[in-house]
Amino acid sequence: MAEETTPREDPQEMDEIVEETAAGPRPNDPILAGLAEGFPSVVFTSFNPLVGPRQDTATVSRGELISFVGAVKNAGFETFIDVCSVDHLNRDPRYDVVINLLSMKHTQRLIIKVGVPGDDSTVPSISQIYAGANFYEREVWDLMGIAFDGHPDLTRIVLPDEWVGHPLRKDYSVGSVPVQFKGSHKSS
Amino acid sequence: MTDTPHNVEGDAQAPTIEPPTGSTDGSLDAAGRRRAHDIWVAGTEPRDWIAHATDEGAQEMLPRDIDPALRIQSGIAVDDDYVDEPTIIDDERQILNMGPQHPATHGVLRLHLELDGETILRIKPIIGYLHTGMEKTAETLTYMQGGTNVTRMDYLSPLTNELCYSLAVEQLLGVEIPPRAQAIRILMTELNRIASHLIWVATFGMDIGALSMMIYGFRDREAILAFFEKVTGLRMNHNYIRPGGVAADLPEGWEEDVDGIFDVVGAGLDDYQDLLNGNPIFLDRTRGVGVLTPAEAQAYGVTGPVARASGVNFDLRKAFPYSGIEQYEFDVPLGKHGDTLDRYLVRMEEMRQSIRIVEQVLETMPPGDYRTDDRKVTPPPRKRIDESMEALIHHFKLFTEGFKAPAGEVYQAVESPRGELGMYLVSKGGSKPWRLHVRTPSFATVQALPVMMTDQIVPDVIATLASLDPVLGDVDR
């Protein structure tokens, strides 16, 4: 894989590559171009890492999410891979929900990002479109506290039900355990 | 609430008790019951009226005559409402709780089964008993330290976790890995795949009654673990594959060791197929059990051997090759029926294919360095530290604050023995990840359990679950 891409000397260049292609989908990719036609407000970015395949990202607004994900599924992305979230803390919108889909037919991935504001952290659930999103959305709710509208069973999944708070948020401290044997050791 | 602190050590006073008013047979009148409620539930009365002095201070005890269990035990009251006729419904439905300590759940998976007789109407997997917050931990470790964290997730294939993490970090950094390091990575992860599948066939055999299979599987895996110990120093949780390469070069005589593994595992695989493939009990318990269709596998995100047994032709080593695996020849075995038997056959064939890859690595192992010579990522050799000030500074910086990765986001996936293991790494330019999300294959597989098991019978739960090979460290993280 390494010989196919141009080697880069300076890792800082990575940002520029993202910027260059941020204007729209790569023209040599017919699937993404077709999607971009139907959804003009969706921003497509593309990133060519030194090793590994190209990474395509689509940034969608919350209102358009369900219709866009439905269109993506019809465009051939039949496999559900992942839903996760990132807390950017001081950014507006504060959270990103990141949906990762795969087309086995075209050997292509697509990452869909939805910005979620901190004071209204809800997103429409895609579990009606991809059944596999069920557990992943529960995990995001459990650990990041982002609620999914229309989810059939939005409960905590890895933490106990009575847990207070959402640990993966950046303002949730990791805490500490009190030291048991703090006093000075009696020397004989 | 109360003026007299009753938990002061050595200062517990003999309580002056004014017992609740009531009749002498132990039952309370309305006033007494209200007072007891005030005391024990609402806490509005001084609570030391029945405190007992112990070494650790005053201990509270329940008054005897308001504890319903004690009243029944002492014969004051009779509990005759244990048979409540109207609540018995005339069907066979019942809820069965399986796990989290059930030996056939391969860890701490818990299943709620709703049964009609022996048929499963509904099933609900409950997870989280092994959750240790590794994604949060990863945010507090530098990129160099992160390997020790991720290697503990899927504890049966630690090297695959390390490979995925290292590849993600290297993508962010944009460093190139020398060919020898790439070949060593493939060698180790494919051996790890064999070791993981061997322990799977061992526990799978044990779960459906082929107990000798367990001993054989563990015995053969030992040959691989001994090799891992020689190379990495540890049998599990190696932290051997690191961002920038691997921790150390292969030891002297590693070719003979790998040859020895071929002898053990290759001969063993033939034996096990003789042992199991013709066994009518084994076939009865696996054929047509726990069927997953290709469309269901894709919708639920099930990948790896389980999806391939359903006929989904997708292997990340072919589709998105990594670490130079595209230069080796191997086939991807596919099943037709998506049942437990096909999952067994696919994994047995995958082990043979992994042996094929390792054989090719053995023949074509390139010479050269086992890690990148980028001094911002790799610590300098010990010798250079004495000679060069720069080397000393690099060494010091690497081990105190670690190297910094440029801001960006990458998703890197590798084919773990259980399916697609992906890591989504977000960097904001510091020496620690801003966010590391791990997409584990077992999590998706456990989620698809209800699809496979509904309308089956209880013994098939064991066979199906065993055929999926979930690792609960991988599910809960």
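Residues numbered from 1 in each chain as written. Chains lettered and ligands numbered in written order. Predicted model: local features only at pLDDT ≥ 70, side-chain atom pairs only at ≥ 80, totals over all residues.

1. Here we look at the nonpolar core
Next up, step 1: Of all hydrophobic cores here, the largest spans 150 residues; its most connected members are V97, L101, I112 and V140 of chain A together with A168 and L425 of chain B.
Next up, step 2: Leaving out residues up to four positions away in the same chain, L101 of chain A has contacts with V72, F77, T79, F80, I81, L110 and I112 of chain A. (Core = buried A, V, L, I, M, F, W, Y, C linked by C-beta atoms within 7 Å. Buried ≥ 20, exposed ≤ 12 C-beta atoms within 10 Å, placed from the backbone. Contact = placed C-beta atoms within 7 Å.)

2. A closer look at helix 6 (residues 179-207) of chain B
All names here are of chain B.
Next up, step 1: Relative to the 42 Å expected for 29 residues at 1.5 Å per residue, helix 6 spans 42 Å between its end C-alpha atoms, a close match to the ideal helical length.
Next up, step 2: Counting buried positions along helix 6 yields 25 of 29 residues, so the element is predominantly enclosed.
Next up, step 3: Looking one or two residues beyond helix 6, the residue adopting positive phi is G209, at roughly 105°. (Helix = DSSP H or I, 4+ residues; strand = E, 2+ residues; numbered from the N terminus. Expected span 1.5 Å × (residues − 1).)

3. Here's the deal with the sheet that holds strand 2 (residues 55-60) of chain A
All names here are of chain A.
Next up, step 1: Ordered in space as 1-2-5-4-3, the five strands form an open sheet in which the pairing is mixed. Either end of the sheet is taken by a strand with one partner, and the two such strands are strand 1 (43-47) and strand 3 (79-87). Each strand axis lies, on average, 20° off the axis of its neighbour in the sheet, ignoring direction.
Next up, step 2: As defined by bridge partners, strand 3 adjoins strand 4 (residues 95-103) across eight bridges and the pair is classed as antiparallel. Following the sheet pairing, D87 is matched in strand 4 by Y95.
Next up, step 3: Sheet strands touched by helix 4 (residues 133-144): strand 3 and strand 4. Its angle to strand 3, the strand with the most contacts, is close to 10°. (Pairing = 2+ DSSP bridges. Axes fitted to C-alpha atoms, helices over the stretch in contact; angles between N-to-C directions.)

4. Thoughts on the sheet that holds strand 5 (residues 119-126) of chain B
Residue and element names in this part refer to chain B.
Next up, step 1: If you trace the three strands from one edge of the open sheet to the other, you get 3-4-5, paired in antiparallel fashion. Only two strands of the sheet have a single neighbouring strand rather than two, namely strand 3 (93-98) and strand 5. For this sheet, the mean angle separating the axes of adjacent strands, direction not counted, is 20°.
Next up, step 2: Alignment of strand 3 against strand 4 (residues 110-116), held across six bridges, turns out to be antiparallel. Looking at the pairing, Q94 lines up with L115 of strand 4.

5. Structural notes on helix 5 (residues 158-173) of chain B
Residue and element names in this part refer to chain B.
Next up, step 1: The end-to-end C-alpha separation of helix 5 is 23 Å, in line with the 22 Å expected for 16 residues at 1.5 Å each.
Next up, step 2: The element helix 5 is largely enclosed, with a buried count of 16 among its 16 residues.
Next up, step 3: Just past helix 5, the residue G174 takes up positive phi, approximately 75°.

6. Observations regarding the interface of chain A and chain B
Next up, step 1: Taken together, the contacts link 37 residues of chain A with 39 residues of chain B.
Next up, step 2: Put simply, the parts of the chain that give the side of chain A that touches chain B at least two residues each are helix 1 (13-20), strand 3, strand 4 and helix 4 of chain A.
Next up, step 3: Its residues assigned to classes, the side of chain A that touches chain B shows 25 nonpolar, eight polar and four charged. (Nonpolar A, V, L, I, M, F, W, Y, C, P; charged D, E, K, R; others polar.)

7. A look at the packing of helix 6 of chain B against helix 13 (residues 340-364) of chain B
All names here are of chain B.
Next up, step 1: Viewed as axis vectors pointing N to C, helix 6 and helix 13 meet at an angle of 155°, and their least axial separation amounts to 9 Å. Overall, the two elements helix 6 and helix 13 adopt an arrangement that is roughly antiparallel. For the pair helix 6 and helix 13, the crossing hand works out as left-handed. From helix 6, A183, I186, L187, E190, L191, R193, I194, H197, W200, V201 and F204 reach across to helix 13, where they touch Y344, R347, E350, M351, S354, I355, I357, V358 and V361. (Parallel < 35°, antiparallel > 145°, perpendicular 65-115°, else oblique. Left-handed = near helix turned anticlockwise from the far one by under 90°.)

8. What to know about the confidence of the model for chain A
Next up, step 1: Per-residue confidence for chain A averages 79 on the pLDDT scale, and 80% of its residues sit at or above 70.
Next up, step 2: The low-confidence segment residues 1-25 of chain A, where pLDDT is below 50, has 35 contacts with residues more than four positions distant or belonging to other chains. (pLDDT = per-residue confidence, 0-100.)

9. Thoughts on the pairing of strand 2 of chain A
Consecutive residues of a regular strand have side chains that alternate between opposite faces of the sheet.
Residue and element names in this part refer to chain A.
Next up, step 1: Relative to strand 2, strand 1 runs antiparallel, the two sharing five bridges. By the bridge assignment, F44 is partnered in strand 2 with A58.
Next up, step 2: Bridge analysis of strand 2 against strand 5 (residues 108-116) gives four bridges, and the strand direction is parallel. By the bridge assignment, A58 is partnered in strand 5 with I112.

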